[in-house]
Amino acid sequence: MTWLITGGAGYIGAHVARSMADAGERVVVLDDLSSGFAERLPAEIPLVEGSVLDRELLDRTLAAHRVTGVVHLAGKKRVGESVERPLAYYRENLHGLTVLLEAVVAAGVRRFLFSSSAAVYGVPDVELITETTPAAPINPYGETKLASEWLVRATGQAHSVATGCLRYFNVAGAALPELSDTGVFNIVPMFFDRITRGEAPTIFGADYPTPDGTCVRDYIHVADIAEAHLAAARRLAERDLSGEYGDLTVNIGRGEGVSVRELADLVADVTGDRTPPVVGARRPGDAARAVAAVGLITEELGWTARRGMREMVESAWEGWRLRHPVAPVG
Ligand SMILES: NC(=O)c1ccc[n+]([C@@H]2O[C@H](COP(=O)([O-])OP(=O)(O)OC[C@H]3O[C@@H](n4cnc5c(N)ncnc54)[C@H](O)[C@@H]3O)[C@@H](O)[C@H]2O)c1
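Residues numbered from 1 in each chain as written. Predicted model: local features only at pLDDT ≥ 70, side-chain atom pairs only at ≥ 80, totals over all residues.

Engineer: So what exactly am I meant to see when it comes to the overall build of the protein here?
Structural biologist: Of the regular secondary structure elements, the protein holds 10 helices and 14 strands. Taking 20 Å as the expected radius of gyration for a compact globule of 330 residues, we find that the protein reaches 19 Å, a close match to that expectation. Judged by the C-alpha coordinates and their principal axes, the protein covers about 55 × 40 × 40 Å. Taken across its 330 residues, the protein has 47% of its residues classed as buried. Taking all contacts inside the protein whose residues are at least 6 apart in sequence as the whole, residues at least 24 apart take part in 79%. (Helix = DSSP H or I, 4+ residues; strand = E, 2+ residues; numbered from the N terminus. Rg over C-alpha atoms; globule rule 2.2 N^0.38 Å. Buried ≥ 20, exposed ≤ 12 C-beta atoms within 10 Å, placed from the backbone. Contact = placed C-beta atoms within 7 Å.)

Engineer: I'm lost on the pairing of strand β1 (residues 2-6) in this one. Help?
Structural biologist: In regular strands, side chains alternate between the two faces of the sheet. Taking burial as the measure, the five residues of β1 include four buried ones, the bulk of the element. Each parallel crossover has a hand, and for β1 linked through helix α1 (residues 11-22) to strand β2 (residues 26-31) it is right-handed. Bridging between β1 and strand β4 (residues 69-72) involves four bridges; their strand directions are parallel. Across the sheet, residue I5 finds its bridge partner in β4, namely V71. (Right-handed = clockwise from strand over helix to strand, strands pointing away. Pairing = 2+ DSSP bridges.)

Engineer: Teacher, can you tell me more about the sheet that holds β1 here?
Structural biologist: Hydrogen bonds along the backbone pair up the strands of a sheet, which may run parallel or antiparallel. Taken together, the seven strands give an open sheet; going across it, the order is β3-β2-β1-β4-β5-β6-β11, and neighbouring strands pair in parallel fashion. Strands at the two margins of the open sheet, each flanked by one partner only, are β3 (47-49) and β11 (247-252). On average, each strand axis in the sheet is inclined to that of its neighbour by 20 degrees, with strand direction left out of account. (Axes fitted to C-alpha atoms, helices over the stretch in contact; angles between N-to-C directions.)

Engineer: Explain the nonpolar core to me, please; I cannot follow it from the model alone.
Structural biologist: In this structure, I5, A17, A118, V222, I225 and I252 are the most contacted members of the largest nonpolar core, which totals 92 residues. Of the residues forming this core, the biggest block, nine residues, is contributed by helix α7 (residues 222-241). Looking at this core, you find at least three residues from each of domain 1 (2-171 + 245-252) and domain 2 (172-217 + 254-323). Setting aside chain neighbours within four positions, we find V222 in contact with Y11, I12, H15, V171, A172, G173, A174 and A175. (Core = buried A, V, L, I, M, F, W, Y, C linked by C-beta atoms within 7 Å. Domains from an automatic or database assignment.)

Engineer: Even after reading the chapter, I still don't get the pairing of strand β6 (residues 162-168), so can you show me in this structure?
Structural biologist: In terms of burial, β6 is a largely internal element, seven of the seven residues being buried. Residues A162, G164, L166 and Y168 line one face of β6 and the alternating positions T163, C165 and R167 line the opposite face, and both faces are buried. Each parallel crossover has a hand, and the one from strand β5 (residues 111-117) via helix α5 (residues 140-159) to β6 is right-handed. Here six bridges tie β6 to β11, and the two strands are oriented parallel to one another. Bridge pairing in β11 places T163 opposite D247.

Engineer: I keep staring at the sheet that holds strand β9 (residues 216-217) and nothing clicks. Help me out?
Structural biologist: Read across the sheet, three strands follow the order β12-β9-β14 without closing on themselves; strand pairing throughout is mixed. The open sheet terminates on both sides in strands that have one partner only, identified here as β12 (258-259) and β14 (289-290). As defined by bridge partners, β9 adjoins β12 across two bridges and the pair is classed as antiparallel. The residue bridging R217 from the neighbouring strand is V258, located in β12.

Engineer: In this structure, what is going on with the domain arrangement of the protein? I would like to understand it.
Structural biologist: Many authors give the size of an interface as the accessible area that is lost as the parts come together. Partitioning the protein into domains gives domain 1 (2-171 + 245-252) and domain 2 (172-217 + 254-323). At the interface, 20 residues of domain 1 touch 18 residues of domain 2. Those elements giving two or more residues to the side of domain 1 that touches domain 2 turn out to be α1, β7 (170-172) and β11. Among the elements that line the side of domain 1 that touches domain 2, the one with the most residues is β11, at four residues.

Engineer: Quick question: what am I supposed to make of the environment of E149 here?
Structural biologist: Residue placement: E149 occurs in helix α5. With 21 C-beta atoms counted inside 10 Å, the residue E149 sits in the buried group. Setting aside chain neighbours within four positions, we find E149 in contact with F114, S116, V120, C165 and T249.

Engineer: Is there a simple way to think about the site of the ligand in this case?
Structural biologist: In the vicinity of the ligand lie 28 residues, with G7, G10, I12, G36 and A74 positioned nearest. Of all the elements in the fold, those that place two or more residues in the shell around the ligand are α1, β2, α4 (86-107) and β5. It is α1 that provides the largest number of residues to the shell around the ligand, a total of three residues. (Near = placed C-beta within 6 Å.)

Engineer: How do you make sense of α5 when you look at a structure like this?
Structural biologist: Note: α-helices contain 3.6 residues per turn, so residues at a spacing of three or four share the same orientation. With 20 residues, α5 ought to run about 28 Å at 1.5 Å a step, and its terminal C-alpha atoms sit 28 Å apart, in line with that. Looking at the packing, one finds that the buried side of α5 touches α3 (79-84), α4, β5, β6 and β11. (Expected span 1.5 Å × (residues − 1).)

Engineer: Sorry, what's going on with the UniProt feature "domain: NAD-dependent epimerase/dehydratase" (unreviewed entry) in the protein here?
Structural biologist: This chain's UniProt record puts "domain: NAD-dependent epimerase/dehydratase" (unreviewed entry) on residues 3-239. Structurally, residues 3-239 comprises 41% helix and 18% strand, and the distance from its first C-alpha atom to its last is 16 Å. (UniProt positions renumbered as here; feature names shortened; annotations may be inferred.)

Engineer: Help me out: how do you make sense of helix α2 (residues 55-64) in this one?
Structural biologist: Among all positions in α2, only L58, T61 and L62 are buried. Viewed end-on, α2 has its buried residues packed into an arc of 95 degrees, placing them on one side of the element. Relative to its buried face, α2 has exposed residues pointing more than 90 degrees away, namely E56, A63 and A64. Of the surrounding elements, those touching the buried residues of α2 are β1, β2, β3 and α4. Phi for R66, located one or two positions after α2, is positive at around 50 degrees. (Arc of directions from axis to C-beta.)

Shown next, in the form of structure tokens:
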């Protein structure tokens, strides 16, 4: 079995590639390095530099490495940017997937795992989001993820490909400091960025109908996400061997709600910076609460998250300090 990991030089993809390789799977990465870094990968994992939009390159790569399964993480992920540049998001995320799936079907690859997101749900008013909670994305990013899931499942059914759509909740942390998220688009790096600049962290809205008035989210360590991919990839391989081609669409979270205020307290504790956060205006499109029901993934894959909030924030801070050595030491 050889797995092609698209976007494998990215933050999550590099964790997935390493975790699968460490577990004994053969992997090859395809990445256009638009937001990824070749240095995130060890020398023994081959990197093909190029885009999922390049059909000829895909055909060559699938054949040369005798690929038998694909884990597709490549894509664009900034919600705000997707509102400003919907065409770019649909092109990279949905058209890119279409080209990739055409190559997969032509090459006879029969296992396909897709990186989806809690963004497919939009802002549901429920205590726990299950996989049957209606999907109603509220921005082009979430729309591309939902439309991609439809395409993955339809292709799987029509062409006998075992498929999986993994809906990640709020990803944080790093297995190694050099693998950490370099963007400042998720809340943990946003807090670190403010601290490094000597500014108070901002909480966007403290008047939500939650216990402390701030938004509640489900944070998941990227190393746990990587382990979930390994479990899902192996399940797809088993299904293929037994002639089943179903789809596995599951949430990946911890099933525990943490408020932004609680997260800010933990960040203060880990970094040693006790500047009280300032409360700003609500951001449009933020749900009061978004917490995953995680029963299905445990039942299907025997997987549960093993790492907690402190480990996420500490490992993320270690990675941040590697790139911002002047930051105050916690
Ligand atoms: N980070 C999160 O919180 C989160 C949450 C839910 C879902 N996701 C999804 O997980 C996936 C990985 O996210 P990430 O946080 O690691 O982002 P990232 O930007 O670090 O990784 C994306 C990788 O894909 C590569 N890439 C982009 N377009 C490409 C193309 N056309 N062809 C080949 N490679 C391409 C980039 O160079 C990068 O290495 C994305 O699909 C994202 O939507 C991320």
